[in-house]
Amino acid sequence: MSNTVQISINDVAIGDILSSDLFVDRKLFMKKDNSLTSKAIDLLKKNHIYFVTIYRSPHHAKHVNQTAGQPSSDKHTLDWDELLLSVTDISNSVPIPLANSTVEFYSLLAELDTEIRYGQILKNEADILYLADLYDQILSNAPYKDYLTQLKNWDYYSYLHCIDAFILGTLFARKMRLKNLERLAIGYLLHDIGKLKIPLVILQKPSKLTRQEFEIMKKHTVEGEAIFKKLGLSDIAYLAKSHHERKDGGGYPQYQYAHDFAMELEILQIIDVYSAITMKRVYRDALRAADAFSLLYRDAHILNSELLTEFVDFIRIYPENSIVLLSDGKLAIVEKNNPQFPTSPRVKYIDTRKAFHVSINNHIKIKKLISYQPENLTQMLNNFYNELVSANVENAKKTYLKLVDNFKGYEFYIKIFIPVYRILNLLQMQKAIPESRYQQVMSYIDELMKKKIEELIDHNDYDEHVLILVDAAFQKQFLFTALIGLMHTERIFPHVLPTDAILEEILWISNNNNCTKTYVIYDSEHPNTLLNYSPNTFKISTNQLEQYMVNLTVESKDALQFHNLLDKFASK
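This structure is a prediction, so every number in the text was calculated from the model and none was measured.

Some remarks on the sheet that holds strand β5 (residues 323–326)
Now for step 1: Strands sit in the order β8-β7-β6-β5-β9 across an open sheet of five strands; the sheet is antiparallel. Each edge of the sheet is formed by a strand with only one pairing partner; in this case those strands are β8 (355–357) and β9 (366–371). Within this sheet the neighbouring strands show an average axis-to-axis angle of 40 degrees, counted without direction.

Written as structure tokens, this is what we have:
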């Protein structure tokens, strides 16, 4: 077996072999490495399993678009002349011919991780057929299909994101009983078409955009509006132009302050964010759906908060600590989400404190969300610290993803990195943490710090360049890396050399980078020959620097204030 692929249950052939355990209603239905029989496939369909992950051999892994309508030499591969079964009624299904765009749509559903991101919305087979038919209708318009194909070839993530917005937006707009649904579906499908005009180096950049790059990125909204008008879609061009606007005027491109956005636009504003943060990118892991809703609720004041609650009830994946109404009329709190089964959380009755999993008690369902208060930053930070101390790095990574959008550059160091360093070192001094765990966590934090520095370097326009000569041993220390990161947040670019660097190299680096000052960070006395060559050279001891860095967290300073540090400690 050479690789694995997630495919529609309608594409499965007798003899295909599962590459992962298969669960139905939280119960193990079939273990991996078992061959699928005709009876097993029928049972999966009757249990509303739409996708399975199987092993594929090279000759069995052809893309559906390449094999559509062509006979296969592999007896276990579906003949695309037979194509997919009707999903309107599995028990009375008959083979029907589907257009290539419909075959592609089913393949896209598999790519979008629908089981963990869409919750309950695609459990109804009629909804899948409705979307597939609507997708086929839209792409029967040659200009629409041409633009979408261009986007697919230009930036595949943007293409998948548009498909995602089409699925979520269309079904949610239908639930909200909006008119002109077919027209809105076109707008949702093409809402990011303006990204055809954005350079790939920006669209696919694996780190944070610079201010200039972000200004270019923002143009996709007005470029999209122009394409909509060119396609005769002037009446819905606002979907392309205004899906990044926010009620507080903090959006773009027009920075509108509005409390009366059209509902179809407010739907897209919510879904655009939900889709973006729950899909994996090169530079960022995907957030789980429940965590994504937590993040959206922190921004509820700039979105339609009532509509956001409707959307949560629509998906039926609830963030932890939500208060929900159960089908038995009782109130409960969502205690814990299971990443594998996000629609089956553990809940606890508020009155009796009895806890249970919703799916195990099938006669009791979550009826609707009553209230949700997002975790405050203090809670999240404490969770992050505790997860690191217990070496639960995987959970810490998820918590960090929730934290990143809440902090400015310097706050990562003052409120996350340095406090973690202090906590871990205190535990190490007290021998309260094993050395292996200490090294594991410090390695993770060091990795986060260096990644943040790389983002800052890429993003910043620097006001000043300085030269730092540092003791070789101290250069490897955690607090020195934190110092470098904090200097970048203040738009000071530090050029670092060891204190024993030769004079010619020091002068060359300083002159070629227009360094305004030179700072010598030393652990012990060193020859101060350099002081004879530059009037702007200062000395700081490692002890003084360490104390200042630690005090940043104690004093809750808003920034490093690097030059204040120099005024306090540096000597010529």
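Text resumes after the structure shown.
What about the environment of Ile457?
Now for step 1: Relative to the helices and strands, Ile457 is located in helix α19 (residues 435–459).
Now for step 2: Here the alpha-carbon distance between Ile457 and His488, two residues 31 residues apart in the chain, equals 6.9 Å.
Now for step 3: What Ile457 contacts, discounting residues up to four positions off in sequence, is Tyr462, His488 and Phe493.

Topic: the side chain of His243
Now for step 1: With respect to the helices, strands and loops of the structure, His243 is situated in the loop between α12 (237–242) and α13 (263–278).
Now for step 2: On the basis of relative accessibility, which here comes to 0%, the residue His243 falls in the buried class.
Now for step 3: One polar contact links His243 to Asp192, side chain to side chain, over a distance of 3.2 Å.
Now for step 4: Beyond its immediate stretch of four places on either side in the chain, His243 contacts His191, Asp192, His220, Thr221, Tyr238, Leu265, Leu268, Gln269 and Asp272.

As for the sheet that holds strand β12 (residues 517–522)
Now for step 1: Within the open sheet, the four strands sit side by side as β11-β10-β12-β13. Their pairing is parallel. The sheet is open, and its two borders are formed by β11 (492–498) and β13 (537–541), each paired with just one other strand. Geometrically, the sheet is characterised by an average inter-axis angle of 25 degrees between neighbouring strands, direction not taken into account.
Now for step 2: As paired strands, strand β10 (residues 464–470) and β12 are joined by five bridges and run parallel to one another. Its bridge partner being in β12, Ile468 is matched across the sheet by Tyr519.
Now for step 3: Contacting β10, β11 and β12, helix α21 (residues 478–489) runs over the sheet at an angle of about 150 degrees to β11.

Looking at the packing of aromatic side chains
Now for step 1: With the rule as written, the count across this model stands at 22 aromatic pairs.
Now for step 2: Relative to Phe293, the ring of Tyr274 lies with its centre 5.0 Å away and its plane at 20 degrees, an arrangement referred to as stacked. With Tyr274 in helix α13 and Phe293 in helix α14 (residues 289–298), this residue pair connects regions lying 19 residues apart in the sequence. The two residues Tyr274 and Phe293 agree in class, both being buried.
Now for step 3: Within the aromatic cluster, the residues linked to one another by ring pairs are Phe172, Tyr274, Phe293, Phe311 and Phe314.
Now for step 4: The side chain of Lys330 reaches across the aromatic face of Tyr349, ending 4.8 Å from its centre.

The rules behind the values
Residues numbered from 1 in each chain as written. Predicted model: local features only at pLDDT ≥ 70, side-chain atom pairs only at ≥ 80, totals over all residues. Heavy atoms only, no water. Pairing = 2+ DSSP bridges. Helix = DSSP H or I, 4+ residues; strand = E, 2+ residues; numbered from the N terminus. Axes fitted to C-alpha atoms, helices over the stretch in contact; angles between N-to-C directions. Contact = heavy atoms within 4.5 Å. Buried < 20%, exposed > 50% of the residue type's maximum accessible area, 1.4 Å probe, protein only. Polar contact = N/O pair within 3.5 Å; in protein donor to acceptor, adjacent residues only side chain to side chain. Phe/Tyr/Trp six-rings, centres within 6.5 Å; stacked < 30°, edge-to-face > 60°. Lys NZ or Arg CZ within 6 Å of the ring centre and 35° of its normal.

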